[in-house]
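Next come the chains, spelled out residue by residue.
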Amino acid sequence: MTAQPQDTSELGDAVGRALAGFARALRDNGFKVGLAETRDALRILGTAAARRSSSLKPALRCLFCATHSDWERFDAIFDAYWGGHGMRSMQTVSGTPTESRSSLRKLAEANARQQQAGSPDHVERRPEGDGEHPADRSGRREGASRAEALAQADMRHVVDPDDIAQAHALAARFARAMRARLMRRDRARRRGRRLDLRRTIHRSISHGGTPLELVWRKRKIKPLRLVMLLDASGSMSLYTAFFVRFLHGVVDAFREAEAFVFHTRLVHVSDSLRDRDVARAVDRLSLMAQGIGGGTRIGESLAVFNQWHAKRVINSRTAVMIVSDGYDTGAPERLGQEMRRLRQRCRRIIWLNPLIGWQGYAPQARGMQAALPYVDLFAPAHNIESLAALEPYLARIR
Amino acid sequence: MTLTRETIADRLAEVGYIADRDLATALWLMDFLKRPLLLEGEAGVGKTEVAKALAALHGAELIRLQCYEGLDQNAALYEWNYQRQLLAIKAREGEDADLIEEHIFSEKFLLERPLLAAIRRPDPPVLLIDEVDRADEEFEAFLLELLSDFQVSIPELGTITATSIPRVVLTSNATRELSDALRRRCLYHYVDFPDVEREARIVLTRLPGINTALALQIANMVAAIRKEDLRKVPGVAETLDWAATLAGLAVQDLRQAPEAVHDTLICLLKTHEDRSRLTREVTDRLLGKVA
């Protein structure tokens, strides 16, 4: 009865080949299977457990899976591969959309197809003939540097592709600068609070045990974590491309930043934003952000965030930044309730509303009204200058 | 000595842990491949209990390291006994500094913390690294090194190699994504809430005085409650609390005592929101369905 491993070479090449094929099938399905796993799988095949599929399956599942989503998909792949259908049915399994697959991945795939058809313009509202557009901004540029003028210009009015590119670069640079300043502040404030006994004793040996030289432990201050939720609904479309760029800058600069985009549903986009190729990342995101119409469901998106993502991405040092105009097609009560839940979890909620920059704007939207009581900072975000004004606020959060 | 899966399942039952077949396989594989086991699952499904049961079934010591944010090597691996070191320095005042140094950084002054203790036992213990996701990335990297080499280096003392390789169980609640490297190093088992039949058996095992029909009713009721839209889904420990409470109130049949059922739901529901969601009407409806 004892499960002694046989010499694996006795198993014959056929088993080895079949196993290699299975490992490949798993890899095709996104499993991270290395040589060590395959080797261990061969050892398992040499034991009594391999005689019945009912005992082999759980053993291999335990070995090959690394995450819960692997765990949920394993049985289907196993059955398809070893279940008599052989290799052919594998295609159907790897192609079958499973619930555990993130919607992001599907989007990425859709994106890849789209890109073959023709790369989407990353600024959807880029006009064909930019020279003919209203000239009211050109007046602003007089007497100030172009960058300064851009910093002040409402992003709705920036239409020249060059200006747009520059505004985006500014946003990214600003995001990086914000991070750098927060870090410097940390370092300047580091002062020892606790005695480092190990080092103090080491140094006191030459003084006969009298701790003359005290060594302090410096508390490592962890940087603020930033979670951004970007509203990409139709009503925000004039600003989306700009904020996508800002999002990229933030995720690129902060080690601990997470980004989400929502319109009718919520999409986790941090991974696509980590692409070093800025243009590609922004393109991909802009495509996701285009959405499918049908109004914004801020409350529901937040509910999804609270239920599935908050536990992982939010800790006590997290500031949540929501960029939205507050036009919610869902029930305002729902939004208020989810905002309250979110408030209980995180350090600060910052709501950036591009509309505040408009003259005579008051937060009338019912969704906005419901959310406001839980917002720590309600600020405009229609131009780069207004984003820059946030930095001192973020730096004060401890 | 590797036990077979069947023996493992039997012995687990003997020590009071009702395991499903897959878990028995995982525990067998742990010994067979000499790899650590990573357990994931909702809070309260009994991940920590697995390690306790594993220790009991091998008759091994359980060494537990509870992870938390900011856990460092001093708390996890080793620490020097500073008070004794200071005394020793004082006592040997005037001697050669090098000699004193050699003396005070010797085994005598070393305080073992869980990780060091686990690799220095004569018999292999079970090392439970609980909620590894709460520790930070740096600690995870260190852990990975320890789990692959089973040796640690103490600068003042030299390298300490494991006298016995412990059985390592890691648990995670997924508050943070673990690194791929750590996941690849480990075997993986997802612990789900037990099904009704298994949960009833757990209740019966832990509370031998309870009658079988009631245990089954309780398991059914808890399963129904878990399907409701709750913020904190009750775990197995909550089920046991509830069963003990009902037994204490001498309830024999849930249908006969809807009042008691509703009042004792505080054993299962731990937030105000959940409590107010399960009104008397909802409880009665669920009772009608399961009993």
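As a starting point, this report considers the structure included with it. Every chain is numbered on its own, with residues counted from 1 as its sequence reads. Ligands are numbered from 1 and chains lettered from A, in the order in which they are written. It should be noted that, the model being predicted, local features are given only for residues of pLDDT at least 70 and side-chain atom pairs only at 80 or more, the latter also being counted only at that level, while totals for whole chains, interfaces and linings use all residues. Note that the side-chain values use all heavy atoms of the structure and ignore hydrogens as well as water.

1. A look at a negative patch on the surface
Negative charge collects at one region of the surface, where Glu-72 of chain A together with Asp-20, Glu-42, Asp-192, Asp-195 and Glu-197 of chain B lie side by side. With respect to the helices, strands and loops of the structure, Glu-197 of chain B is situated in helix α10 (residues 196-206). Within this analysis, patches are made of residues with over 30% relative accessible area and no salt bridge. Like charges are joined at 9 Å or less; nonpolar side chains (Val, Leu, Ile, Met, Phe, Trp, Tyr) at 5 Å or less. Residue exposure ignores everything except the shown protein chains as possible cover, and the areas themselves are Shrake-Rupley values with a 1.4 Å probe. Every case where a carboxyl oxygen of Asp or Glu lies within 4 Å of a side-chain nitrogen of Lys or Arg is listed as a salt bridge. When charges are counted, neither His nor the chain ends are considered; positive counts come from Lys and Arg and negative counts from Asp and Glu. The location of each charge is read from NZ of Lys, CZ of Arg, CG of Asp or CD of Glu. Think of it this way: any DSSP run of H or I at least four residues long counts as a helix, any run of E at least two long counts as a strand, and we number them from the N terminus.

2. What about the packing of helix α2 (residues 35-45) of chain A against helix α2 (residues 21-33) of chain B?
Lines fitted to C-alpha atoms define the axes, with helix axes restricted to the stretch in contact, and inter-axis angles between N-to-C directions lie between 0 and 180 degrees. Across the interface, α2 of chain A lies against α2 of chain B with an axial gap of 11 Å and an inter-helix angle of 110°. Relative to α2 of chain B, the element α2 of chain A lies roughly perpendicular. The residues of α2 of chain B that touch α2 of chain A, namely those facing Asp-40, Arg-43 and Ile-44 of chain A, are Leu-29, Phe-32 and Leu-33 of chain B. An angle below 35 degrees is read as roughly parallel, one above 145 as roughly antiparallel, one from 65 to 115 as roughly perpendicular, and any other as oblique. Any two residues whose heavy atoms approach within 4.5 Å are treated as being in contact.

3. Observations regarding helix α12 (residues 236-248) of chain B
Residues and elements named next belong to chain B. Each residue after the first adds 1.5 Å to the expected span of a helix. An ideal rise of 1.5 Å per residue puts 18 Å on 13 residues; α12 measures up with 18 Å between its terminal C-alpha atoms. Only protein chains enter the accessibility calculation, which uses a 1.4 Å probe; a residue is then buried when its area is under 20% of its type maximum, exposed when over 50%, and partly exposed in between. Those residues of α12 lying buried are Val-236, Glu-238, Thr-239, Leu-240, Trp-242, Ala-243 and Leu-246. The inward-facing, buried residues of α12 abut α10, α11 (212-227) and α13 (258-263). Directly after α12, the chain includes Ala-250, whose backbone phi takes a positive value near 60°.

4. Topic: the pairing of strand β3 (residues 225-231) of chain A
Residue and element names in this part refer to chain A. With seven of seven residues buried, β3 lies mostly within the body of the structure. Between any two strands, at least two bridges found by DSSP are needed for them to pair. In this sheet, strand β6 (residues 318-323) lies alongside β3 in parallel orientation, the contact comprising six bridges. Counted as the bridge partner of Leu-226 is Ala-319 from β6. As defined by bridge partners, β3 adjoins strand β4 (residues 257-262) across six bridges and the pair is classed as parallel. In the sheet register, Asp-231 faces β4, and the bridge partner there is Phe-262.

5. Considering the pattern of salt bridges
All names here are of chain B. Going through the model one piece at a time under the given rule, you end up with 29 salt bridges over all chains. The salt bridge involving Arg-120 is made with Glu-107; its shortest N-O contact spans 3.0 Å. Of this pair, Arg-120 sits in the loop between α7 (114-119) and β5 (126-130) while Glu-107 sits in the loop between α6 (97-104) and β4 (110-112), placing them 13 residues apart in sequence. Here Asp-284 ties to Arg-280 by a salt bridge, and the two come within 3.3 Å at their closest N and O atoms. Placement of the pair is Asp-284 and Arg-280 together in helix α15 (residues 280-290), with a separation of four residues, close to one helical turn. Take Asp-284: its relative accessible area is 32%, and that puts it in the partly exposed class. For Arg-280, a relative accessible area of 28% translates into the label partly exposed.

6. Some thoughts on unusual backbone geometry
Residues and elements named next belong to chain B. Positive phi, close to 55°, is recorded for Lys-34, a residue that is not glycine. Looking at the element boundaries, Lys-34 is found in the loop between α2 and β1 (37-40). One non-glycine residue with positive phi stands out, namely Ala-250, at about 60°. Looking at where Ala-250 falls in the secondary structure, it is placed in the loop between α12 and α13. Ala-250 sits in the exposed class, given a relative accessible area of 56%.

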